[in-house]
Amino acid sequence: MSGVQTIRIGEDEGEQRLDRWLKKKFPQLTQGAVEKMCRTGQLRVDGGRVKAATRLEAGQEVRVPPLPEAQPAAAKSARPLGPRLVDADVQMIQSAVLWRDEHVIALNKPPGLPSQGGSGQGSRHVDGLTEALMFGFKDRPKLVHRLDKDTSGVLLLARTDRVARALSAAFRDKTTRKIYWAVVAGVPHPRMGTVRYGLVKAPGHGRGGEGEKMLAVHPRDIDTTKGAKRATTDYAVLDALGSRASWCALVPITGRTHQLRAHMAELGHPIIGDGKYGGSGQENLGDGWGAQLGGEISKKLHLHARCISFEHPITKKRVTVTAPLPEHMARTWKSLGWHENDVPDDPFSEAE
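What you see is a predicted model; the values in this text were computed from it and never measured.

Peer 1: Would you mind going over the overall build of the chain with me for this structure?
Peer 2: Helix and strand counts for the chain come out as 9 helices and 16 strands. Taken over 352 residues, the chain has a buried fraction of 45%. Partitioning the intrachain contacts of the chain with sequence separation of at least 6 by distance along the chain shows that 64% fall at a separation of at least 24.

The structure is reproduced here in structure tokens:
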């Protein structure tokens, strides 16, 4: 065991999460060990208690309690690095690359593939497939944001720690712009607007929070509802099938869990295929309500991260990446007579 250490955060180490910084310094630590040290107050920053997700700043001092010794190099090398990726998964994740340079990779994440592992997510996820996205670099690329398992579309990965920190800061500072496409039940009125309901997590149905669901909270009640967070979504109707369903563009101004799904359901226009927020048993028999259209329309979630625009952390140029629709949504567009090129790239810019 090592003794107590006090480590100062260097100028190039700021803007990192505490748990990620610590595990780089001490690879023998597990996430569970880091969280326990935070919970028991053994791990402190500038003398104060912290959480694993606390963001570090240059110049801060981290008190690290005695730690188990790292494994000798020989013992480490004897351990397998991880499960070998199967060829089909390698081909799948490499074919999902939309754009890349030496700093950033943009994927078109397939629906059904989790961004990261976690409770109930299994072992097959984007984060676990990043070895196939190294393309000659010595380190695996790193996720800088996530998409829900059943949501498809643009997902960014950083190829270096420096770029990961810069992109993460851009997401926090809201300088990136994400536009989602969705098919929703009915037609929202007005056809362009902003949803400002807060969100609070409902109790999970499993030990790991499986089945977690966000509950909408009226703006006037957010400050008095424990755990509620403010959330804002812009929406615009791009086309409609009578009064039964509409093609909407959605922009999450904030980035809360399940925000778009919970907000559209609260408006009374749940996203097609959303069993959690829309009521998968409802077949939408013409009154504009229900999460399923029936007929030839897929029962998969119709939510797609269509494009993302961000300032490149190195070149400082604006980069916009657009993702084609996944197969099940492309079939829906064809069935309903909608065409991807018939709408503006950013319908909100025309309204400004």
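Let us keep going from here.
Peer 1: So what exactly am I meant to see when it comes to the environment of Ile271 here?
Peer 2: Mapped onto the elements, Ile271 comes out in the loop between helix H6 (259-266) and helix H7 (275-278). Given the relative accessible area of 0%, Ile271 is considered buried. Each C-alpha atom of the pair Ile271 and Leu301 lies 7.1 Å from the other, and the pair is 30 residues apart in sequence.

Peer 1: Honestly, unusual backbone geometry in this entry has me stumped. Any pointers?
Peer 2: The phi torsion of most residues other than glycine is negative, and most of the peptide bonds are trans. Here the amide bond leading from His189 into Pro190 is cis, since omega sits at 0 degrees, within 30 degrees of zero. Mapped onto the secondary structure, Pro190 falls in the loop between strand S9 (177-185) and strand S10 (192-195). The phi angle at Phe135 is positive, at roughly 45 degrees, despite the residue not being glycine. At Lys316, a position not held by glycine, the phi torsion is positive, near 70 degrees. Relative accessible area serves as the criterion here: at 52%, Lys316 is assigned to the exposed category.

Peer 1: Would you mind showing me how to read the environment of Tyr277 here?
Peer 2: In this structure, Tyr277 sits in helix H7. Taking the C-alpha atoms as reference points, Tyr277 and Lys213, separated by 64 residues in sequence, lie 8.1 Å from one another. Leaving out residues up to four positions away in the same chain, Tyr277 has contacts with Lys213, Met214, His258, Arg261, Ala262, Ala265 and Pro270. A polar atom in the side chain of Tyr277 sits 2.7 Å from the backbone nitrogen of Met214. One polar contact links Tyr277 to His258, side chain to side chain, over a distance of 2.8 Å.

Peer 1: Got a minute to help me understand the UniProt feature "active site" (unreviewed entry) in the chain in this structure?
Peer 2: Here the UniProt-annotated "active site" (unreviewed entry) positions come out as Asp148. Look past the residues within four positions of Asp148 in its chain and what remains in contact with it is Lys109, His258 and Arg261.

Peer 1: Teacher, can you tell me more about the pattern of salt bridges here?
Peer 2: Note on pairing: side chains with opposite charge can pair once their charged atoms come close. Evaluation of the coordinates by the stated rule reveals 14 salt bridges. Here Glu131 ties to Arg140 by a salt bridge, and the two come within 3.2 Å at their closest N and O atoms. The class for Glu131 is partly exposed, based on a relative accessible area of 41%. Relative accessible area serves as the criterion here: at 35%, Arg140 is assigned to the partly exposed category. Salt bridges sharing partners connect three or more residues here, namely Lys24, Lys142 and Asp161.

Peer 1: Help me understand the pairing of strand S15 (residues 303-311) in this model?
Peer 2: Working note: regular strand, side chains alternate between the two faces of the sheet. Of all 9 residues that make up S15, 8 are buried, and the element is covered over most of its length. Pairing geometry for strand S8 (residues 152-158) and S15, over 2 bridges, is parallel. Bridge pairing links Ser152 to His304 in S15. Pairing geometry for S9 and S15, over 6 bridges, is antiparallel. Residue pairing across strands places Lys178 opposite Ile308, the latter belonging to S15. With 5 bridges connecting them, S15 and strand S16 (residues 318-322) associate as antiparallel partners. The residue of S16 that forms the bridge with Glu311 is Arg318. As consecutive antiparallel partners, S15 and S16 are separated by 6 residues, and within that stretch Lys316 has a phi angle of approximately 70 degrees, a positive value.

Cut-off values and rules
- Residues numbered from 1 in each chain as written.
- Predicted model: local features only at pLDDT ≥ 70, side-chain atom pairs only at ≥ 80, totals over all residues.
- Heavy atoms only, no water.
- Helix = DSSP H or I, 4+ residues; strand = E, 2+ residues; numbered from the N terminus.
- Buried < 20%, exposed > 50% of the residue type's maximum accessible area, 1.4 Å probe, protein only.
- Contact = heavy atoms within 4.5 Å.
- Polar contact = N/O pair within 3.5 Å; in protein donor to acceptor, adjacent residues only side chain to side chain.
- UniProt positions renumbered as here; feature names shortened; annotations may be inferred.
- Salt bridge = Lys/Arg side-chain N within 4 Å of Asp/Glu carboxyl O.
- Pairing = 2+ DSSP bridges.

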